[in-house]
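Report on the structure
One-letter residues, chain by chain:
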Amino acid sequence: MDVRRRPANPILREKADAGEQLIKPHKSHQHQQQHPPMKASDALPLPLHLTNGLFFTIFFSVMYFLLSRWREKIRNSIPLHVVTLSELVAVLSLIASVIYLLGFFGIGFVQTLISRPNPDGWDVEDENTEQFLLQEDSRSGTCTTLGCAVPPPPVPSAKGLPKISQPAAKAAMAVEKPAPLITPQDSEEDEEIIKSVVSGKIPSYSLESKLGDCKKAAGIRREALQRITGKSLEGLPLEGFDYESILGQCCEMPVGYVQLPVGIAGPLLLDGREYMVPMATTEGCLVASTNRGCKAIMASGGATSMLLRDGMTRAPVVRFATAKRAAELKFFVEEPMNFETLSVVFNKSSRFARLQSIQCAIAGKNLYMRFSCSTGDAMGMNMVSKGVQNVLDYLQTDFPDMDVIGLSGNFCADKKPAAVNWIEGRGKSVVCEAIIKEEIVKKVLKTEVAALVELNMLKNLTGSAMAGSLGGFNAHASNIVSAVYIATGQDPAQNVESSHCITMMEAVNDGKDLHVSVSMPSIEVGTVGGGTKLASQSACLNLLRVKGANKEEAGANARLLATVVAGSVLAGELSLMSAISAGQLVSSHMKYNRSSKDVTKVAS
């Protein structure tokens, strides 16, 4: 007996219980069993495979003909829209073949859908339909009359445990949700708040404003997160942090803080002063290597730095109806008298912001204006953005058809590797140099001057050029920049452009000594604002004697920090290049960056 069934219908059960005759399957089902249904391909004059082959041949032949004709037209400068009779016939044939092929695949797709078994339908080819359904339902343990509540046989369970019904067992096997982690709370009020956060009645982001206690809000958010995810946050500390200090400026919706070790490299003798450089990192050997570079620089008389430029940038993008109007605005802002007026408007945004230049670039009817300004001891992104907004509002009077698409048009360019930063600079542009004596190269760095010069040329210069590097003509400048940035509260994402660096090495003094330098055009640092206000980061800035704003000369602390970053990069480059030259890279990492335990013995 051919049977396709669906879950029992309550109405059918009721009728069966009342003694009424159930509706039997439609006769058309039996007819379909005797005579197979017609297919769409039966209407074709040729077999399906021959018809498909014919139209595929027509399709590719016509395509080849049309492409050949278009190639000849392009070569002979004949307009493509001039069509001959043969080309018209070819186009019509192409359209016909495409229609056929689309129809063929569409019909095949529809037939596939129709041929799928319907899970909600049933057909029975027997006169005893009702009796069969009743027997099937009785075997499955389900009552066939409406309102009956005969439970299915229980699932065997472990000894001593309550028996579980089949539906409950299946549901438990299908979805195993993690058990919520519940930590007892000090008060019922806290427990109610946590439950409200879990249920979504209280938004997690509003806890600080509702409770008025940032630490309590972090604790409640943390507990709610554990209950929602079923994952423990043990190991992520909550205590010992001032959550008030990050409210509204550093981090939203905190649940703890990450512990990061801070090491000290130095003393770094730079411009006649010694600096102990804090480095926050989890990379073993990094601090030790930088410290060795500082030792070599110190023993050779120190390093010298020079600040070449100091200006943060922001580049909005505006659009006009025509490229001519965009060019008119370009000429307008570049005219000296107009630039002086725009400077006055820009400088009103802050007592430290001072507009230096506006560099324009046109792409069609879109104009990109790269504003550059000094920002005091702040890194200055917010400061320059406010000044740019003031200028755009002012320009709207003389150029009412100017459409401001975005305050940042990526011509700045912030947190992205860009040639404009590599060439023009962004933030602080610094060059730092030192002459390392021959005996120091041999005793401290364990290598030779000639070997270092050759390695630098083939690795940092030629190798980076082969890789198509943009601003990456160095060994590992980003390592030192990132470590110092995190320790001093800078924006770690700006390591992207701040690590632009070219390292140069040259033998001097008749080839005996080594001249080494790093040129870094876009070091973006500040000593006020952002993460510099946090206690740990503020302590590291204080160690470098650049904490907060310089009261005597605006921007002096930030500029000094940029030179310290460049000097630290110089030390790191010198040490790593020496390790590679002497073949000590692997051995040093095995010593400082790997456990000395014998893994095989531990495993056994």
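Residues numbered from 1 in each chain as written. Predicted model: local features only at pLDDT ≥ 70, side-chain atom pairs only at ≥ 80, totals over all residues. Heavy atoms only, no water.

Put simply, the rule reads: UniProt positions are given in the numbering used here, feature names are shortened, and annotations may be inferred rather than shown by experiment.
Named according to an unreviewed UniProt entry, the protein chain is 3-hydroxy-3-methylglutaryl coenzyme A reductase originating from Coffea arabica. We quote the UniProt Sequence similarities (unreviewed entry) comment for the protein chain here in full: "Belongs to the HMG-CoA reductase family."

**Thoughts on the overall build of the protein chain**
Definition in use: Counting from the N terminus, the helices are DSSP H or I runs at least four residues long and the strands are E runs at least two residues long. Between buried and exposed lies partly exposed: a residue is buried under 20% and exposed over 50% of the maximum accessible area for its type, with that area taken using a 1.4 Å probe on protein chains only. When checking whether two residues touch, look at their non-hydrogen atoms; a contact exists if any pair is within 4.5 Å. What sets the accessible areas is the Shrake-Rupley method with a 1.4 Å probe; for residues, cover comes only from the shown protein chains.
Looking only at helices and strands, the protein chain features 22 helices and 13 strands. By the burial criterion, 39% of the 604 residues in the protein chain qualify as buried. Partitioning the contacts of the protein chain with sequence separation of at least 6, the portion at a separation of at least 24 is 71%. Carbon and sulfur atoms make up 59% of the accessible area of the protein chain, which amounts to about 34100 Å² in all.

**Some words on helix H17 (residues 477–488)**
Heads up, the rule is: The span one expects for a helix is its residue count, reduced by one, times 1.5 Å.
When the terminal C-alpha atoms of H17 are compared, their 17 Å separation across 12 residues agrees well with the 16 Å that a helix rising 1.5 Å per residue should span. Glycine 489 sits one or two positions beyond H17 and adopts a positive phi of about 80°.

**What to know about the environment of valine 525**
Tracing the sequence through the fold places valine 525 in the loop between strand S13 (513–523) and helix H19 (535–543). Taking C-alpha positions, valine 525 is 9.3 Å from threonine 488, a pair spaced 37 residues apart along the chain. When neighbours within four sequence positions are excluded, valine 525 is seen to be in contact with Ala378, Met379, Lys428, Tyr485, Gln490, Ala558, Leu561 and Ala562.

**Considerations on the pairing of strand S10 (residues 427–436)**
Let me state the cut-off plainly: Note on pairing: two strands pair once DSSP finds at least 2 bridges between them.
Burial runs high along S10: seven of the 10 residues are buried. Both strand S5 (residues 304–314) and S10 contribute to a ladder of seven bridges, which runs antiparallel. Its bridge partner being in S10, threonine 304 is matched across the sheet by glutamate 433. Pairing geometry for S10 and S13, over eight bridges, is antiparallel. Considered in S13, the bridge of alanine 434 is made with valine 516.

**A look at the side chain of asparagine 557**
Selection criterion: For this analysis, a polar contact is any N or O atom pair within 3.5 Å, provided that within protein one partner can donate a hydrogen and the other can accept it, and provided that sequence-adjacent residues contribute only side-chain to side-chain pairs.
Within the fold, asparagine 557 resides in helix H20 (residues 556–581). Of note is the side chain of asparagine 557, whose polar atom sits 3.1 Å from the side chain of asparagine 550.

**Overview of a nonpolar patch on the surface**
Here is the rule we go by: Each patch is built from salt-bridge-free residues with over 30% relative accessible area, joining like charges within 9 Å and nonpolar side chains (Val, Leu, Ile, Met, Phe, Trp, Tyr) within 5 Å. Think of a salt bridge as a Lys or Arg side-chain nitrogen and an Asp or Glu carboxyl oxygen that are within 4 Å of each other.
The grouping of Val83, Leu85, Leu88, Val89, Val91, Leu92, Ile95 and Ile99 at the surface amounts to a nonpolar patch, some 730 Å² of accessible area in total. As for its position among the elements, valine 83 is in the loop between helix H3 (48–75) and helix H4 (85–115).

**Topic: the side chain of serine 300**
Looking at the secondary structure, you find serine 300 in the loop between helix H10 (286–299) and S5. Within the structure, serine 300 has its side chain in polar contact with the backbone oxygen of alanine 296 (distance 3.0 Å). For serine 300, the contacting residues outside a window of four places in its chain are Ile435, Ile436, Lys437 and Ile440.

**A word on the nonpolar core**
The cut-off we apply is this: Residues belong to a common nonpolar core when they are buried Ala, Val, Leu, Ile, Met, Phe, Trp, Tyr or Cys residues joined through side-chain atoms within 4.5 Å.
Counting 53 residues, the largest nonpolar core has Met279, Ile436 and Ile523 as its most contacted members. For methionine 279, the residues in contact, after removing those within four places along its chain, are Pro261, Val262, Gly263, Ala265, Leu286, Val287, Thr290, Ile480, Ala483, Val484 and Ala487.

**Thoughts on the environment of histidine 515**
Take histidine 515: it is sitting in strand S13. Each C-alpha atom of the pair histidine 515 and glutamate 433 lies 7.3 Å from the other, and the pair is 82 residues apart in sequence. Sequence-distant contacts of histidine 515, defined by excluding residues within four places in its chain, comprise Glu433, Ala434, Ile435, Met504, Met505, Glu506 and Val508. A polar atom in the side chain of histidine 515 sits 2.9 Å from the side chain of glutamate 433.

**Comments concerning helix H7 (residues 188–199)**
For H7, built from 12 residues, the straight-helix expectation of 16 Å at 1.5 Å per residue is met to within 8% by its first-to-last C-alpha distance of 16 Å. All of the buried residues in H7 are Asp190, Glu191, Ile193, Ile194, Ser196 and Val197. Among the structural elements, helix H8 (207–211) and helix H9 (214–229) are those in contact with the buried residues of H7. Taken from the residues just after H7, glycine 200 is the one with a positive phi, measuring 95°.

**Concerning the pattern of salt bridges**
In total, this model carries 18 salt bridges according to the counting rule given. Close ionic contact of glutamate 524 with arginine 426 constitutes a salt bridge, the shortest N to O distance being 2.9 Å. Here glutamate 524 is found in the loop between S13 and H19, whereas its partner arginine 426 is found in the loop between helix H14 (419–424) and S10, with 98 residues between them in sequence. In this structure, glutamate 438 and lysine 442 form a salt bridge, with 3.5 Å as the shortest nitrogen-oxygen distance. Of the two residues, glutamate 438 and lysine 442 are both situated in helix H15 (residues 438–443); the distance of four residues between them amounts to about one turn of the helix. Judged by its relative accessible area of 28%, glutamate 438 is partly exposed. What emerges from the salt-bridge pattern is a single network uniting Asp414, Lys415, Arg426, Asp491, Glu497 and Glu524.

**Remarks on the packing of H17 against H20**
As a reminder of what qualifies: All axes here are fitted lines through C-alpha atoms, helices being fitted over the stretch that makes contact, and every angle between N-to-C directions spans 0 to 180 degrees. Roughly parallel refers to an angle under 35 degrees, roughly antiparallel to one over 145, roughly perpendicular to one between 65 and 115, and oblique to any angle outside these ranges. Should the near helix be turned counterclockwise from the far one by less than a right angle, the crossing is left-handed, whereas a clockwise turn marks it as right-handed. Residues are grouped as follows: Ala, Val, Leu, Ile, Met, Phe, Trp, Tyr, Cys and Pro are nonpolar; Asp, Glu, Lys and Arg are charged; all remaining types, including Gly, are polar.
Between H17 and H20, whose axes approach to 9 Å, the crossing angle comes to 135°. Between H17 and H20, the angle falls in the class oblique. Of the two elements, H17 crosses H20, and the hand of that crossing is right-handed. Mapping the contact onto sequence places Ala477, Ile480, Val481, Val484 and Tyr485 in H17 and Val565, Ser568, Val569, Gly572 and Glu573 in H20. Residue composition of the contact of H17 with H20, grouped by class: seven nonpolar, two polar and one charged.

**Remarks on the packing of aromatic side chains**
Definition in use: Centre distance within 6.5 Å is the pairing criterion for rings of Phe, Tyr and Trp, where only the six-membered ring of Trp is used; planes under 30 degrees apart are then read as stacked, over 60 as edge-to-face, and the remainder as tilted.
Going through the model one piece at a time under the given rule, you end up with seven aromatic pairs. Consider the rings of tyrosine 368 and phenylalanine 411, whose centres lie 6.5 Å apart with planes at 70°: the pair is edge-to-face. Residue tyrosine 368 is found in strand S8 (residues 366–374), and its partner phenylalanine 411 is found in the loop between strand S9 (403–406) and H14; the two are separated by 43 residues along the sequence. Measuring from ring centre to ring centre gives 6.2 Å for tryptophan 422 and phenylalanine 473, while their planes differ by 25°; the resulting arrangement is stacked. One end of the pair, tryptophan 422, is in helix H14; the other, phenylalanine 473, is in strand S11 (residues 472–473), with 51 residues separating them in the sequence.

**Let's talk about the pairing of S5**
Here S5 runs beside S8; their pairing, made up of three bridges, is antiparallel. Residue pairing in the sheet places methionine 312 in a bridge with cysteine 373 of S8.

**Side note on unusual backbone geometry**
Residues apart from glycine generally show negative phi values, whereas peptide bonds are mostly found in trans. Here the bond from glycine 266 into proline 267 is cis, since omega is 5°, no more than 30 degrees from zero. For proline 267, the location among the structural elements is in strand S3 (residues 262–270). Cis peptide bonds are those with omega within 30 degrees of zero, and the linkage from cysteine 412 to alanine 413 qualifies with -10°. Along the polypeptide, alanine 413 turns up in the loop between S9 and H14. Phi is positive for lysine 446, which is not a glycine, with a value near 60°.

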